[in-house]
Amino acid sequence: MNTNTQFLTWVFFDNTDELLDLNTEKTTKLEPQVAQLLRLLIYSNGALLTRDTIFTQIWPNIVVEHNSLYQLLTKLRRLLNDNPKQPRIIKTVPKKGYQFIAQTQTYAPEVTSSKKKMLTQLSWWKLSIVPIFIVCGSAIAFYSQNTIKNPKPHYEMSDISYELGLEYNVDAHKTKDLIAYIKNFNDLVFSNKQGVILNTIKFPSRIHHPSWHNELDLITFWQYYQDQCILHVYKSSGQAVHRSKGQKCSHSRASSWKSNTQLVINLAHDGHFKPFHYDINTGHILEIPIVLKEREKFQHNITAWQGKTYYLITSTDHKSKLITLDGTVHMEWSHPITMLTYDPKQHTIISNNSDKHHKLVSTSRDGQQHIIANAVQGIFTDLSVDADGDIYTAVETWQVNIRDKDELPIFSTTSIDYLPVSNLLGETAFMSRRSGVYEVYLYSDDQVKQLSYNQGYEYVKHIEWQPQLNLLLTNRDKNVLVYDRQGKVRQFQPVQAATIAQLGWHTNEQVWVYDTNSLLTYDLTGQQLDNITLQVDALIYNNQSAQWLVFDDYTLYSVNSLASLNTRGDWTPINRFSKQQYNQLRNFKLRDNTLYWLSSWSAKDYIWQLPLEQTTISLIKSDELIWHYDIAQDNSLNIAKMEAIEGDIKKLSLLSTHNIP
């Protein structure tokens, strides 16, 4: 099988799932299923591919709605600029299937005619420039002695884990022949660096982020229990060394060892990470005073050059930087860094690049960058480097399905996220983070239409139908957007400096925006109407009863007007929640005067239901990885759930210079 196939002005690199446009010289990383579809078409050698054949190859043993193939074809045709009515590449054979009609050949870049001419001319005048070469050679010798440049590292990829299932959160011991990773959420696996499993420890609830001591056979990791995170210290033999008291948290990240008993740990509550100093002997925890500028957030810490601790900071403009405690900036990126580690062999930082975890990049302190690996299928999700410079990483793939009450998928994709919201006309709007770009789509009349077209890192976090169902309200970072069924019709930025926590429709012509400190209302032109200071856990507006529903301190209140939000004495208690029902509550939906919401407990997801005229709260669904849900026309529940998850641990072995071909 050829790995580089050219057709028309396109080149498909089979081994990296990349598509090169020869006209623009732009390379695009394809989604795994889009790449698989293109691969099937190319290697069919012009034969007709039936829909059943494609479904069997791309979605084996999975029941998938037929519209999923239409989505993939639409995506691929857009990338290839191939008009389905006048196809040059992919032809639709009605009621039969699809045919690849472009001529293919092996791609082999050639020296252009102008370069050949230049080489011919070189032989004529090369003797006349010998003095110039002598001068330039002296200059090169001088600068080469005074400028340090790291040679580009080369790696060879191999598999560490082979079994079906999800393996992730890998960490390699710096000096010992040990790695550790999480399997299927609850199992801590110890193996050697060739992948031979040495020990497995099972836990009753989800565990995360193992982190080895630099020298000793000691490892820390987190366990999610109820609304808390518990830090464990173990040996690879399975011997428990330490268990911390539970710390209330929503998320955790890998810890860094400062000494045999001192750690820097990272915990988040209400979505904001903070670094803490932790003492294993005493259990004492102390927040580390990171000085942040306006609109900056702490994300993670690593141990890097000279054994110092460095802190990863991101800003609302999606830039990243690495600083020390005194505020000195040691490294900067123009894109979001979401995973990184220090390479002690090359003295560089290994991180994700700007295309959302499809590549790994090495960055030196002077800003030199090298792409060191491409994810053949899926995305990189974890990073670890040992003292020999070998990289251990997890590569994950998955499918997200919106399933109906009969557990049948009504929509399926490899997207990272969803925010499905249906209306009484049977239409569903949703956000899909395809190829790393957050976009808004409309599913109507068995077809999917893309409503937004944006490039960048802005997130979409909210979608809501207008009460009269003509418009959709959503956000893009701090901007409020309104769409009709054809695309964007309005956009404005609220006055809040912080991010948008919640938003919704107040009337058919007005919207409300909440940023955890104030509630504001706007008309559809962006004109501010009201501004109310308010600090509560969450709130939504019930258009059916024209009342506000306020969540605060484990209690749900109803409030009759905007003005009454300023006076707590005017709030009417409706119900009291348990800790499990209230922990990390989110994704509120109202349908027929019934409230639905999502919570988490021991890192497991729960969907609850409360008819507002009653007092009984019912649990209607619990499962792992329920990302979002929807209420159908008949009030049944549709689940947007991550499924068909596969994750493997890969090793990128650093090659010696004499081993590089």
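That block above? That's the structure.
Treat the numbers as computed from the prediction; the structure is a model and nothing was measured.

Conventions adopted
Residues numbered from 1 in each chain as written. Predicted model: local features only at pLDDT ≥ 70, side-chain atom pairs only at ≥ 80, totals over all residues. Heavy atoms only, no water. Core = buried A, V, L, I, M, F, W, Y, C linked by side-chain atoms within 4.5 Å. Buried < 20%, exposed > 50% of the residue type's maximum accessible area, 1.4 Å probe, protein only. Helix = DSSP H or I, 4+ residues; strand = E, 2+ residues; numbered from the N terminus. Contact = heavy atoms within 4.5 Å. Salt bridge = Lys/Arg side-chain N within 4 Å of Asp/Glu carboxyl O. Phe/Tyr/Trp six-rings, centres within 6.5 Å; stacked < 30°, edge-to-face > 60°.

Regarding the nonpolar core
- Counting 28 residues, the largest nonpolar core has L188, F190 and F203 as the members making the most contacts within it.
- Of all the secondary-structure elements, those providing two or more residues to this core are β10 (167-172), β11 (179-183), β12 (187-191), β14 (207-212), β15 (219-225), β32 (391-403) and β55 (637-654).
- It is β11 that contributes the most residues to this core, 4 residues altogether.
- With near-sequence residues (within four places) excluded, F190 lies in contact with I179, A180, V196, I197, L198, N199, I201, W212, I219, K235 and S236.
- Ranked by size, the runner-up nonpolar core spans 27 residues in total, among them L19, V34, L38 and L69.

Description of the pattern of salt bridges
- Going through the model one piece at a time under the given rule, you end up with 13 salt bridges.
- Between R39 and D14 there is a salt bridge, and its shortest N-O distance comes to 2.5 Å. In this pair, R39 sits in helix α1 (residues 32-42) while D14 sits in the loop between β2 (10-13) and β3 (18-21), placing the two residues 25 residues apart along the sequence. Residue R39 shares its accessibility class with D14, and that shared class is buried.
- Notably, a salt bridge pairs E427 with R485, separated by 2.8 Å at the nearest N-O pair.

Things to note about α1
- For α1, the buried fraction is high: 10 of the 11 residues fall into the buried class.
- Taken together, the buried positions of α1 are Q33, V34, A35, Q36, L37, L38, R39, L40, L41 and I42.

Some points on the packing of aromatic side chains
- Taken as a whole, this structure holds 21 aromatic pairs when the rule is applied.
- Their ring planes at 85° and their centres at 5.3 Å tell us that W305 and Y310 sit as a pair that is edge-to-face. You'll find W305 and Y310 in the same group, each marked buried.
- On the basis of an interplanar angle of 20° and a centroid distance of 6.1 Å, the ring pair of Y606 and W608 is categorised as stacked. The exposure classification of Y606 matches that of W608, with both residues buried.
- Through successive ring pairs, a cluster of aromatic residues spans F551, Y554, F577, Y582, F588 and W597.

Nothing here speaks to function; it is geometry throughout.
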